[in-house]
Amino acid sequence: MTQRRVAMLGGTFDPVHLGHLRSAVELRELLSLDRVHMVAAGVPPLRGEPRVTPEERLELLRLGIGDTPGLVADPRELRRDGPSFSADTLASLRQEYGAEARLVMALGHDAFLRLADWHSPSRLFELAHLVVIDRPDFKAPLPAALVELIRGREVDGVETLFEAPSGGLLRVALPTRMAISATDVRHRLASGATVRYLLPESVEERIYERKLYLVQ
Ligand code: ATP
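Owing to the predicted nature of the structure, the values given are computational and were not obtained by experimental measurement. (Residues numbered from 1 in each chain as written. Predicted model: local features only at pLDDT ≥ 70, side-chain atom pairs only at ≥ 80, totals over all residues. Heavy atoms only, no water.)

Looking at the site of the ligand
In plain terms, the rule: Note on definitions. A residue lies near a molecule or strand when any single heavy atom of the residue is within 4 Å of it. Distance and chemistry together define a polar contact, namely a pair of N or O atoms within 3.5 Å, with one atom able to donate a hydrogen and the other to accept it when in protein, and with adjacent residues in sequence counting only for side-chain atoms on both sides. Method for areas: the Shrake-Rupley scheme with a 1.4 Å probe, in which residue coverage is limited to the protein chains shown. Elements are defined by DSSP. Helices are runs of H or I of four residues or more, strands are runs of E of two residues or more, and each kind is numbered from the N terminus. Under this grouping Gly is polar, as are all residues other than the nonpolar Ala, Val, Leu, Ile, Met, Phe, Trp, Tyr, Cys and Pro and the charged Asp, Glu, Lys and Arg.
Taken together, 20 residues lie around the ligand, and His20, Asp110, Met178, Ala182 and Thr183 are the ones closest in. Phe13 is positioned with one of its backbone polar atoms (N or O) 3.0 Å from an oxygen atom of the ligand. Between an oxygen atom of the ligand and a side-chain N or O atom of Arg186, the distance comes to 3.0 Å. Within the complex, 90% of the 590 Å² of free accessible area of the ligand lies under protein. For the shell around the ligand, the elements supplying multiple residues, two or more each, are strand 1 (5-11), helix 1 (18-31), strand 4 (102-108), helix 4 (109-112) and helix 8 (182-191). Partitioned by chemical class, the residues of the shell around the ligand number six nonpolar, ten polar and four charged.

Have a look at this one:
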């Protein structure tokens, strides 16, 4: 029996944009994933509180995903009190899918560079594989603590990664690499510049309807 393959792509999604969504779809294709849980962070531990409420960010995520097969807007971090730690989210997914499921935590290279500063980073590898998505605009060398954390974990292909339920590291370059960031989207909205084709239309519509991000 082949084991289920499930990924978590966490983020602030403040707001979700086509870089996130296209990456999630391509990741699903590349790794033959059954499901990609896009998990909106409640209070992200490593950054200031976003001005748009977590519920609103989740709603934008839901709208952005629409009926895309295999993608799920996952509210589980919003249901927990206090800071959202990815290790707790992975533990909850592990419980849901079982010990043999192939569980992946996917993250962009920018987020990967800060991984050693996260809450219990080595626990992440006990619970899941890490898949790092190359981002065209982030090329910094890895910090020493990160090199130590990933020592001996890197594999060179999807099937090798999925021989075990967790513990490996794979770096991937997805076919469509988009240099879109939520920071840029927020700046554009606040300065009255267009965000057309950076976000799904449904997300753009709701942002204007609700006047989100429009003031600095
Ligand atoms: P911000 O600019 O506010 O920091 P962001 O656009 O990087 O936001 P996040 O919500 O912080 O978005 O990102 C969630 C995850 O998606 C992270 O792992 C991040 O690396 C990844 N990601 C963000 N933008 C892209 C993109 N254009 N292509 C691929 N991955 C991305």
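Right, picking up where we left off after that structure.
Here's the deal with the sheet that holds strand 5 (residues 129-133)
Worth spelling out the cut-off: Strand pairing is assigned whenever DSSP identifies at least 2 bridges connecting the two strands. Lines fitted to C-alpha atoms define the axes here, with helix axes fitted over just the stretch in contact, and angles between the N-to-C directions of these axes take values from 0 to 180 degrees. Contacts: residue pairs with any heavy atoms within 4.5 Å of one another.
The sheet built from six strands is open, its strands ordered 3-2-1-4-5-6 with parallel pairing. Both edges of this open sheet fall to strand 3 (71-74) and strand 6 (169-172), since each of them pairs with a single strand only. Strand after strand, the sheet turns through a mean of 25° between neighbouring axes, direction not considered. In this sheet, strand 2 (residues 35-40) lies alongside strand 1 in parallel orientation, the contact comprising six bridges. In the strand pairing of strand 2, Met8 is matched with His37. Strand contacts of helix 2 (residues 54-65): strand 2 and strand 3, with the helix running at about 170° to strand 3, the strand carrying the most contacts.

Some thoughts on the nonpolar core
The line we're drawing: Buried residues of nine kinds, namely Ala, Val, Leu, Ile, Met, Phe, Trp, Tyr and Cys, make up a nonpolar core once their side-chain atoms join them within 4.5 Å. Think of it in three bands: with a 1.4 Å probe and only protein chains considered, a residue is buried below 20% of the maximum accessible area for its type, exposed above 50%, and partly exposed in between.
Counting 39 residues, the largest nonpolar core has Leu27, Leu31, Met38, Leu61, Val131 and Ile207 as the members making the most contacts within it. In contact with Leu27, other than residues within four places in its own chain, are Ala7, Leu33, Ala106, Val131, Ile133, Val172 and Leu174. Membership of the second largest hydrophobic core comes to 24 residues, among which are Met8, Phe112, Leu130 and Leu146.

Thoughts on the side chain of Glu56
Note on placement: Glu56 falls in helix 2. In terms of polar contacts, Glu56 uses its side chain to reach the side chain of Arg206, at 2.6 Å. Other than its neighbours up to four places away in sequence, Glu56 contacts Arg206, Arg210 and Leu212.

Section: the confidence of the model for the chain
Note the threshold: For every residue, the predictor states its confidence as a pLDDT score lying anywhere from 0 to 100.
The predicted model of the chain averages 92 in pLDDT, with 94% of residues at 70 or higher. Among the scores for the predicted complex, ipTM is 0.95 and pTM is 0.94.

As for helix 3 (residues 86-97)
Here is the rule: A helix is expected to span 1.5 Å multiplied by its residue count minus one. Directions drawn from the helix axis to the C-beta atoms are what define this arc.
Taking 1.5 Å per residue as the helical rise, helix 3 with its twelve residues ought to reach 16 Å, and the 16 Å between its terminal C-alpha atoms agrees with that figure. For helix 3, every residue scored as buried is listed here: Ser86, Ala87, Thr89, Leu90, Leu93, Arg94 and Tyr97. Along the axis of helix 3, the buried residues cluster in a sector spanning 155°; they form a single face. Close packing links the buried residues of helix 3 with strand 1, strand 2, strand 3, strand 4 and helix 5 (121-127). Just beyond helix 3, the residue with positive phi is Gly98, at close to 95°.

What about the pattern of salt bridges?
If charged atoms from side chains of opposite charge come close, those side chains can pair. For clarity, the threshold we go by: By salt bridge we mean one thing: a side-chain nitrogen of Lys or Arg within 4 Å of a carboxyl oxygen of Asp or Glu.
One pass over the full model with this rule turns up 15 salt bridges. The shortest N-O distance in the salt bridge between Glu59 and Arg62 comes to 3.0 Å. Note that Glu59 and Arg62 are positioned in helix 2 at a spacing of three residues, about one turn of the helix. Glu59 sits in the partly exposed class, given a relative accessible area of 23%.

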